[in-house]
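# Understanding the architecture of this molecule
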Amino acid sequence: MSHWWQDTTVYQIYPRSFQDSNGDGIGDLRGIIQRLDYLQDLGVGALWLCPIYQSPNDDNGYDIANYREIMSEFGTMADFDELVSEAKKRGMRLIMDLVVNHTSDEHAWFIDAKSSPTAEHRDWYIWRDPAPDGGAPNALSSMFGGSAWEYDQLSGQYYLHLFSKKQPDLNWANPAVHSAVYDMMNFWLDKGIGGFRMDVIELLGKEPDRLITGNGPRLHEYLQEMNHATFGRGDYLTVGECWGATPEIAHLYTDADRHELSMIFQFGHIELDQKPGKDKWETRPLNVNALRDLLFKWQDEFASSGWPTLFWSNHDVPRIARWTIPGPLQDKQLKMFATLLYLMKGTPFIFQGEELGLRNHPVTSVEELRDIESINLYHSRRDAGQSEAEILSAINEKGRDNARRPMQWSSTHEAGFTTGKPWIALNNDYQIRNAELEAKDPNSVLAYYRQLLHLRKSTPSILKGQFIRLPKEPDGVAGYIRTFGDVKLLVVANMTGTTQHLHTSLDIRRVLLTNGDFDRQQDDVILPPYVAFAAEVVGGNSNE
Ligand code: GLC
Ligand code: CA
């Protein structure tokens, strides 16, 4: 069976940084409505909104205080309904961020839970007595640093928070939590949304007493139940955030006969610039052959069941510009990465500003940081004696604020993002890199993304074709074929800064997309630095 979400491209919006409509420096829903025509022109069919629910913003909306109210800074429910219908008019559906591993500590459920050990909602969260020494129940740590257990004076117990202490974990072992969450999901589905992006979904089956957090024993039972009770009633896009997914685990989530999710984000390629066995702050240079091999491996894994996601970044990882070299070929390199990935089989997820080729932006002092993860890291490493310069350099490389800076719409005041003062500083390159300038420039990254996404939409071999890796790529070159009926589409990318030769007997008939010129001499395709292309081809050996 074929699904709408297999033929579409998703665009991820970080609402706080997309478009401010009222000058308070914070992006909002009316701002998104103003930019819907831009998104339609780009060629996307779904918009994933990072959380827009009521929240004290300890973790920028991933700490939800009321799942059925819009964050007042972002607008009203009427604005939301208008956004859904205006998007629909332009052929786009909204994908909501579903954050149900935890709530905010300001959610009514948690306020009740902590009011007394016998409160109605006490068991909706995870409470434990202190260890015999009076300390935390066990060694589980929070992703944002420190213990995952917070002491509660009133009851003398600890509650679990795998993220900040303002994000208490819900107790999924309690069926009452399930029904409340499913009701809330149905509330949003009934508003006409297109599906959910599911935050840290792999943590739902946690068994904290056994120190199990990801991929707990009951996880898939919960997801099947959730599917049945909510989105299983229609053709909805669901995508789980699954940092620890192996191919085997990926199939548990996505094989159609299991009735769980449409697809998952797995992050192996994102982590390739990380030292093996170390955390994300310890980096090493990207090996492009390893990148190619990993991306291709996942294509093979999903050849006959499941469905891949295709993405380079999101609000948690720095922009893909980190894998490019500043200078005259940088835009070409960005277009090469787009060609390599987004012509594969799967659903592309473009993070806002990626289509403009936006770069990362370093900070020079701790005052410039906004993200709780970076701020906590800074303080704990300072306490441990690390130098300010060393810490900021790690944060500049991998910190989450990098991707969260405002969209660059034009060369005017604050890039047209706001008429006021933005909640986080813009990248100061906005006068040379913005949507208005790029829309007028046929060689811009924006022009290339538009061309690529429109090509994708109208080309059955890209949407539905089989993926076949080229048998003999030289180092630094990635090549694959998408076949559909009699059509063969060849995609080749030179991932290096030197000229490369690809030996192939395939006959290039028509070039559909390219970021530069390349030559053909007999059985050789000669690729200048970072050149990539897609072309209709015929012939070739049986294994080509
Ligand atoms: C996910 C989100 C991230 C958030 C965390 C806790 O990883 O993408 O932004 O901080 O979950 O909700
Ligand atoms: Ca605003």
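As a starting point, this report considers the structure included with it. (Residues numbered from 1 in each chain as written. Chains lettered and ligands numbered in written order. Predicted model: local features only at pLDDT ≥ 70, side-chain atom pairs only at ≥ 80, totals over all residues. Heavy atoms only, no water.)

### Overview of the coordination of the calcium ion (ligand 2)
Protein ligation of the calcium ion (ligand 2) involves Asp20 (OD), Asn22 (OD1), Asp24 (OD), Ile26 (O) and Asp28 (OD), the donor distances falling in the range 2.3 to 2.4 Å. Along the chain, the residues that donate to the calcium ion (ligand 2) are spaced as D-x1-N-x1-D-x1-I-x1-D. Relative accessible area serves as the criterion here: at 5%, aspartate 20 is assigned to the buried category. (Donors = N, O, S within 2.8 Å, 3.2 Å for Na, K, Ca; no water. Buried < 20%, exposed > 50% of the residue type's maximum accessible area, 1.4 Å probe, protein only.)

### Some points on the sheet that holds strand β7 (residues 149–152)
Strand order in this open sheet of 3 strands is β6-β8-β7, and the pairing throughout is antiparallel. Looking at which strands have only one partner, the edges of the open sheet turn out to be β6 (127–128) and β7. The pairing of β7 with strand β8 (residues 157–160) spans 4 bridges and is antiparallel. Residue pairing across strands places glutamate 150 opposite tyrosine 159, the latter belonging to β8. (Pairing = 2+ DSSP bridges. Helix = DSSP H or I, 4+ residues; strand = E, 2+ residues; numbered from the N terminus.)

### Digging into the packing of aromatic side chains
Across all of its chains, the model carries 33 aromatic pairs by this definition. With 5.1 Å between their ring centres and 80° between their planes, phenylalanine 18 and tryptophan 409 make a pair best called edge-to-face. Taken together, the positions of phenylalanine 18 in the loop between β1 (10–13) and α1 (29–34) and tryptophan 409 in the loop between α11 (388–398) and α12 (435–439) put the pair 391 residues apart, joining distant regions of the chain. Both residues of the pair, phenylalanine 18 and tryptophan 409, belong to the buried class. Look at phenylalanine 80 and tryptophan 188: their rings are 5.0 Å apart centre to centre, the planes differ by 90°, and that puts the pair in the edge-to-face class. You can see phenylalanine 80 sitting in helix α3 (residues 77–89) and its partner tryptophan 188 sitting in helix α5 (residues 175–189), a full 108 residues away along the chain. (Phe/Tyr/Trp six-rings, centres within 6.5 Å; stacked < 30°, edge-to-face > 60°.)

### Some points on the pairing of strand β15 (residues 477–484)
Counting buried positions along β15 gives 7 out of 8 residues, so the element sits mostly inside the fold. Note: strand β14 (residues 466–469) against β15, 4 bridges, orientation antiparallel. Across the sheet, arginine 469 pairs through a bridge with tyrosine 480, a residue of β15. Once β15 ends, the chain turns through 2 residues before running back antiparallel as strand β16 (residues 487–494), passing glycine 485 with a positive phi of about 60°.

### What to know about the side chain of lysine 206
Counting through the fold element by element, lysine 206 comes out in the loop between β9 (195–198) and α6 (219–229). At 3.1 Å, the side chain of lysine 206 forms a polar contact with the side chain of aspartate 169. Sequence-distant contacts of lysine 206, defined by excluding residues within four places in its chain, comprise Asn101, Ile126, Leu160, Leu162, Asp169, Leu170, Ile212 and Thr213. (Polar contact = N/O pair within 3.5 Å; in protein donor to acceptor, adjacent residues only side chain to side chain. Contact = heavy atoms within 4.5 Å.)

### Here's the deal with the environment of arginine 128
Along the chain, the position of arginine 128 falls in strand β6. Since its relative accessible area comes to 27%, arginine 128 is described here as partly exposed. Every residue in contact with arginine 128, bar those within four places of it in the chain, is listed here: Pro137, Trp149, Gln157, Tyr158, Pro208 and Asp209. Within the structure, arginine 128 has its side chain in polar contact with the side chain of aspartate 209 (distance 2.8 Å).

### Considerations on the site of ligand 1
Near ligand 1 there are 13 residues, and of these Asp59, Asp199, Glu241, His315 and Asp316 occur at the shortest range. Between ligand 1 and the protein, one listed contact pairs an oxygen atom with a side-chain N or O atom of histidine 102 at 2.9 Å. One of the side-chain N or O atoms of aspartate 199 is found 2.8 Å from an oxygen atom in ligand 1. Partitioned by chemical class, the residues of the shell around ligand 1 number 4 nonpolar, 2 polar and 7 charged. (Near = heavy atom within 4 Å. Nonpolar A, V, L, I, M, F, W, Y, C, P; charged D, E, K, R; others polar.)

### Let's talk about the packing of α5 against α6
Relative orientation of the contacting elements α5 and α6 amounts to 40°, with a least axis distance of 10 Å. For the element pair α5 / α6, the angle class is oblique. Classified by chirality, the crossing of α6 by α5 is right-handed. Across the interface between the two elements, His178, Tyr182, Met185 and Asn186 of α5 pack against Tyr222, Glu225, Met226 and Ala229 of α6. In terms of residue class, the contact of α5 with α6 is built from 5 nonpolar, 2 polar and 1 charged. (Axes fitted to C-alpha atoms, helices over the stretch in contact; angles between N-to-C directions. Parallel < 35°, antiparallel > 145°, perpendicular 65-115°, else oblique. Left-handed = near helix turned anticlockwise from the far one by under 90°.)

### Overview of the sheet that holds strand β2 (residues 46–49)
In spatial order, the strands read β11-β10-β9-β5-β2-β1-β13-β12; together these 8 strands make up an open sheet with parallel pairing. Two strands bound the open sheet, and with one partner strand each, they are β11 (263–265) and β12 (309–311). Neighbour-to-neighbour, the strand axes of this sheet turn through a mean angle of 25°, independent of strand direction. Note that β2 and strand β5 (residues 93–98) share 4 bridges and pair parallel. Across the sheet, tryptophan 48 pairs through a bridge with isoleucine 95, a residue of β5.

### Some remarks on the nonpolar core
Counting 137 residues, the largest nonpolar core has Tyr11, Leu39, Phe80, Trp172, Met185, Phe196 and Met226 as its most contacted members. Per-element accounting of this core gives the leading share, 8 residues, to α5. Contact partners of methionine 226, with chain neighbours within four places excluded, come to Leu98, Trp172, Tyr182, Met185, Met198, Leu204 and Phe231. Leu470, Val477, Leu490 and Phe518 belong to the second largest nonpolar core, which has 14 residues in total. (Core = buried A, V, L, I, M, F, W, Y, C linked by side-chain atoms within 4.5 Å.)

### A closer look at the side chain of glutamine 157
Note that glutamine 157 resides in strand β8. For glutamine 157, a relative accessible area of 17% gives the class buried. Residues in contact with glutamine 157, not counting those within four places in the same chain, are Arg122, Trp127, Arg128, Asp129, Glu150, Tyr151 and Asp152.

### Considerations on the pattern of salt bridges
Across all of its chains, the model carries 36 salt bridges by this definition. In this structure, glutamate 260 and arginine 258 form a salt bridge, with 2.8 Å as the shortest nitrogen-oxygen distance. For arginine 258, a relative accessible area of 25% gives the class partly exposed. Of the charged contacts in the structure, one is a salt bridge between arginine 292 and aspartate 293, with a shortest N-O distance of 3.1 Å. The class of arginine 292 is buried, set by a relative accessible area of 5%. We classify aspartate 293 as partly exposed; its relative accessible area is 33%. The network of salt bridges with shared partners includes Asp59, Lys280, Asp316, Asp371, Glu373, Arg400 and Arg404. (Salt bridge = Lys/Arg side-chain N within 4 Å of Asp/Glu carboxyl O.)

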